[in-house]
Amino acid sequence: MSTELTWLGHNAWSIRAGDYRLLLDPFLNDNPLSPVKADEVAADFILVSHGHGDHLGDAVAIAQRTGATVVGIFEVCEWLAARGVKSVHAMNLGGGYNFPFGRLTMTLALHSSAMPDGSYGGSPCGFVLQRAEGTVYFACDTALFSDMKLIGAMGLDLAAVPIGDNYTMGPAAALEAVRLLQPKRVVPVHCGTWPVIAQDADAWARQVQAETGVQAVVLKPGGKIVL
Ligand code: NI
Ligand code: MN
């Protein structure tokens, strides 16, 4: 088995988990960084962290075309089901479930959430994916919070953390997040998509390595990490 993660820019990931194809936050068609469009991607499962357009993205269209199961918080799943998404799996904060692709735990995120039409979107979330090859934490859109230390205690092989600032943690808070999470590797996300979240990811990575010893990997859109 293998686990291969491809960054599609912003907080969008395509994950090959053995025989299963996962998408996280498939913001593709309107994402200036994405190397692929929504009608080109394959998916068995689509994970959605919250209702904002830069995360929900093209989830409805991709789910309708592929028949993928969308995994999200209860309110996001209800909204999607009402819009014709046939297969949803609702979770809530702190809950985990053993999916065929591995164990997925929904973690808290300090952020806001609403659906594109203004409907209540429940709480925003992050995800921890546990597979035989390793454990990955996707912080998704969040501020820094000290309970990241508890997430780190799960033993993280990789963490994807936002560094864009303005809407989420910025570089300084994300450095503190790395100290709390203690992952083996960290990759910065949610930056460079637009001028308001432009950051020097390479400089951040050098600072992380120098101050924490954690290996920081800066991906280009379409770049891969293999566990
Ligand atoms: Ni957001
Ligand atoms: Mn966002």
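All values reported here derive from a predicted model rather than from experimental measurement. (Residues numbered from 1 in each chain as written. Chains lettered and ligands numbered in written order. Predicted model: local features only at pLDDT ≥ 70, side-chain atom pairs only at ≥ 80, totals over all residues. Heavy atoms only, no water.)

### Points about the coordination of the manganese ion (ligand 2)
Argument step 1. With distances of 2.1 to 2.3 Å, the protein atoms coordinating the manganese ion (ligand 2) are Asp54 (OD), His55 (NE2), Asp141 (OD) and His190 (NE2).
Argument step 2. All donor residues of the manganese ion (ligand 2) come from one chain, and their arrangement in sequence is D-H-x85-D-x48-H.
Argument step 3. On the accessibility criterion, His55 (0% relative accessible area) is buried.
Argument step 4. Asp141 gets classed as buried once you look at its relative accessible area, which sits at 2%. (Donors = N, O, S within 2.8 Å, 3.2 Å for Na, K, Ca; no water. Buried < 20%, exposed > 50% of the residue type's maximum accessible area, 1.4 Å probe, protein only.)

### Details of the pattern of salt bridges
Argument step 1. Evaluation of the coordinates by the stated rule reveals six salt bridges.
Argument step 2. Where Arg131 meets Glu133, a salt bridge forms, and the shortest distance between an N and an O atom there is 3.1 Å.
Argument step 3. Between Lys184 and Asp157 there is a salt bridge, with its nearest N and O atoms 3.0 Å apart. Here Lys184, found in the loop between helix H5 (171-181) and strand S12 (185-189), pairs with Asp157, found in the loop between helix H4 (148-152) and strand S11 (158-162); they are 27 residues apart in sequence, far enough to count as distant.
Argument step 4. Put simply, Glu176, Arg179 and Glu211 are held in one network by salt bridges that share partners. (Salt bridge = Lys/Arg side-chain N within 4 Å of Asp/Glu carboxyl O. Helix = DSSP H or I, 4+ residues; strand = E, 2+ residues; numbered from the N terminus.)

### Section: the nonpolar core
Argument step 1. Core analysis: the largest hydrophobic core is formed by 50 residues, its most contacted members being Trp13, Ile46, Leu104, Phe127 and Phe138.
Argument step 2. In terms of residues, this core owes the most to one element, helix H2 (residues 59-66), which gives four residues.
Argument step 3. With residues near it in sequence (within four places) discarded, Phe138 still touches Leu5, Trp13, Ile15, Leu24, Gly126, Phe127, Leu129 and Ala160. (Core = buried A, V, L, I, M, F, W, Y, C linked by side-chain atoms within 4.5 Å. Contact = heavy atoms within 4.5 Å.)

### A closer look at the sheet that holds strand S14 (residues 224-226)
Argument step 1. Ordered by their spatial adjacency, seven strands build an open sheet running S6-S5-S4-S3-S2-S1-S14, and the pairing between neighbours is mixed. Of all strands in the sheet, those bounded by a partner on one side alone are strand S6 (88-91) and S14. Taking each pair of neighbouring strands and ignoring which way they run, the sheet shows an average axis angle of 20 degrees.
Argument step 2. With four bridges joining them, strand S5 (residues 69-73) and S6 adopt parallel strand pairing. Along S6, the bridge assignment pairs Gly72 with Ala90.
Argument step 3. Sitting on the sheet, helix H3 (residues 74-82) is in contact with S5 and S6, with an inclination near 140 degrees to S5. (Pairing = 2+ DSSP bridges. Axes fitted to C-alpha atoms, helices over the stretch in contact; angles between N-to-C directions.)

Purely geometric stuff here, so don't read any function into it on its own.
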